[in-house]
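Residue-level structure breakdown
These are the residues of each chain, in order.
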Amino acid sequence: MAFTAILRRSATRTSAIGSLAARLLIGGSKQGPVQSRSTAAPAAAADSSSRWFYSFGQRCGRGFATGRTTSADEALLEIIVSEIEAAKETEETAQLEELPPEFPFKIEDNPREETITLTREYNGETIRVEVSMPDLVTGEHEDGDADDEEPAQNSIPLIVSVVKKDGPSLEFSCTAFSDDIDIDSLSLKYPDAPADVIAYEGPDFSDLDENLQKGFLKYLEARGIKPSVTNFLYEYMIRKDSREYLQWLQDVKKFVSA
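In this report, we go over the structure that sits alongside the text. On a predicted model such as this, the values are computed, not experimentally measured, just so you know.

Rules of the game
Residues numbered from 1 in each chain as written. Predicted model: local features only at pLDDT ≥ 70, side-chain atom pairs only at ≥ 80, totals over all residues. Heavy atoms only, no water. Helix = DSSP H or I, 4+ residues; strand = E, 2+ residues; numbered from the N terminus. Expected span 1.5 Å × (residues − 1). Polar contact = N/O pair within 3.5 Å; in protein donor to acceptor, adjacent residues only side chain to side chain. Core = buried A, V, L, I, M, F, W, Y, C linked by side-chain atoms within 4.5 Å. Buried < 20%, exposed > 50% of the residue type's maximum accessible area, 1.4 Å probe, protein only. Contact = heavy atoms within 4.5 Å. Salt bridge = Lys/Arg side-chain N within 4 Å of Asp/Glu carboxyl O.

In this section: helix H3 (residues 210-222). In this model H3 runs 19 Å from its N-terminal to its C-terminal C-alpha over 13 residues, within 8% of the 18 Å that 1.5 Å per residue would give. The N-cap residue of H3 is Asp 209: its side-chain oxygen and the backbone nitrogen of Asn 211 are 2.9 Å apart. Where H3 ends, the next residue or the one after it, Gly 224, has phi of about 105 degrees, a positive value.

A separate point is the nonpolar core. In terms of nonpolar packing, the biggest core is built from 31 residues, with Val 129, Val 131, Val 160, Phe 172 and Leu 233 touching the most fellow members. Here this core takes six residues from helix H4 (residues 227-257), the largest share from any one element. Every residue in contact with Leu 233, bar those within four places of it in the chain, is listed here: Phe 103, Ile 116, Leu 118, Val 131 and Ile 156. Core analysis: the second largest hydrophobic core is formed by seven residues, Ile 80, Ala 87, Leu 249 and Val 256 among them.

Attention now goes to the pattern of salt bridges. As a working rule, side chains carrying opposite charge can pair if their charged atoms are close by. Counted by the stated rule, this structure contains 10 salt bridges. A salt bridge links Glu 125 to Lys 164, with the nearest nitrogen and oxygen atoms 2.8 Å apart. Pair noted here: Glu 125 is in strand S3 (residues 125-131) and Lys 164 is in strand S4 (residues 156-164), with a separation of 39 residues, a long-range link. Between Arg 223 and Glu 125 there is a salt bridge whose closest N-O contact spans 2.8 Å. Of this pair, Arg 223 sits in the loop between H3 and H4 while Glu 125 sits in strand S3; the two residues are 98 residues apart in sequence, bridging distant segments of the chain. Judged by its relative accessible area of 4%, Glu 125 falls in the buried class. When salt bridges that share partners are traced, they join Asp 109, Lys 240, Arg 243 and Glu 244 into one network.

A few words now on the side chain of Ser 161. Checked against the element boundaries, Ser 161 lands in strand S4. Take Ser 161: its relative accessible area is 12%, and that puts it in the buried class. The contacts of Ser 161, once residues within four sequence positions are left out, are Thr 126, Ile 127, Arg 128, Leu 170 and Glu 171.

Structure follows, in structure tokens:
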């Protein structure tokens, strides 16, 4: 904006100088035809100068804009490189714990994905667990009444599917804490159910009879969903988050520097 204003002022001054020159020449001329030619020449020169300044301003403006973009890119790359080095140091110091005894699942962990998948076979069933990034508690409370409530805990979300061969599956949405596992909801899934049909998924899990709730928790525990497993998964996902962040930084760096 400031540069454009300078150009406009320069063009205005040039036009003013041309007009002044025209008036002087008109005043110094004696008559008619000569006076008319003297008036036309400075005006044309002023107009030509104005067009030159405008063209020059456009070229410079494009150059300055390009310079700003390049400078911003270089500054961003410096920050990204610094962050990559810090992330590498964190990754090097983080060593994954060994699998807990009798860990029953096979882990499928794909780069650039936020979840991992666990699978196992159990008494003719296929158990599939989708594990998401953990929910971390920062210790900050959003309101003043938080002291009266139970302290929040770090947790990890799980979707557990128990699949019968060629039949329906029972899907549990769970939240795993350090010492226990909560079932948030469960639903029965039919593979041949029409997509446009909204199936009845049962009552809220918390509304079920307490003994029924405990029975479902024992049901999951028998299939490998227990604190010794979920605590390992929590640590695993913490480290995966670090790996994915490093990978993301490297991908962004490659994009910006291309």
